[in-house]
Amino acid sequence: MRFSEPVRMADDGEHSPVWARSKRRGGNPLVGIIVTLLALFGVLTAVLGIKERSLAEGGAVVDGWIAKGVDTVKGKAPEAADQAADATVAAAEKAGDAAQAGAAAASDELKKQ
């Protein structure tokens, strides 16, 4: 090869320089979300540890927040279940009434013929 000859690139359809090509990133986005949430949790614990002057006390603050949230959810879960059950019963009654009305109308049509 002579230095005066142009360098020929393989004809693979990509003619742009390496640094200008788009990066191909694969992987599961769910893993990225989980890693991000864990990193935020770690930063929060560290900040609270600095504020409370102990990582254990900072963790205890976070544990208190989690416990309060769990208690709130547990307290509202039976009420939400009762409301869902009532809504389901009402919908079933409506569907039954509509089916009965439709059957009666079909029966009347058949009697007329």
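Residues numbered from 1 in each chain as written. Predicted model: local features only at pLDDT ≥ 70, side-chain atom pairs only at ≥ 80, totals over all residues. Heavy atoms only, no water.

### Brief notes about the overall build of the protein
On a plain count of helices and strands, the protein comes out with two helices and zero strands. Counting all 113 residues of the protein, 5% fall into the buried class. When the accessible surface of the protein is summed, it comes to about 10,200 Å², and 63% of that surface belongs to carbon and sulfur atoms. (Helix = DSSP H or I, 4+ residues; strand = E, 2+ residues; numbered from the N terminus. Buried < 20%, exposed > 50% of the residue type's maximum accessible area, 1.4 Å probe, protein only. Areas by Shrake-Rupley, 256 points an atom, 1.4 Å probe, with all protein chains shown as cover.)

### Examining helix H1 (residues 29–52)
The end-to-end C-alpha distance of H1 is 34 Å, a good match for the 34 Å that 24 residues give at a rise of 1.5 Å each. Restricting attention to buried positions, one finds in H1 the residues Thr45, Leu48 and Gly49. Looking at the buried positions of H1, the neighbouring elements they touch are helix H2 (55–112). Two to three positions downstream of the cap, the backbone nitrogen of Leu30 sits 3.1 Å from a side-chain oxygen, assigning the N-cap of H1 to Asn28. Backbone geometry just after H1 places Arg53 at a positive phi near 65°. (Expected span 1.5 Å × (residues − 1). Contact = heavy atoms within 4.5 Å. Polar contact = N/O pair within 3.5 Å; in protein donor to acceptor, adjacent residues only side chain to side chain.)

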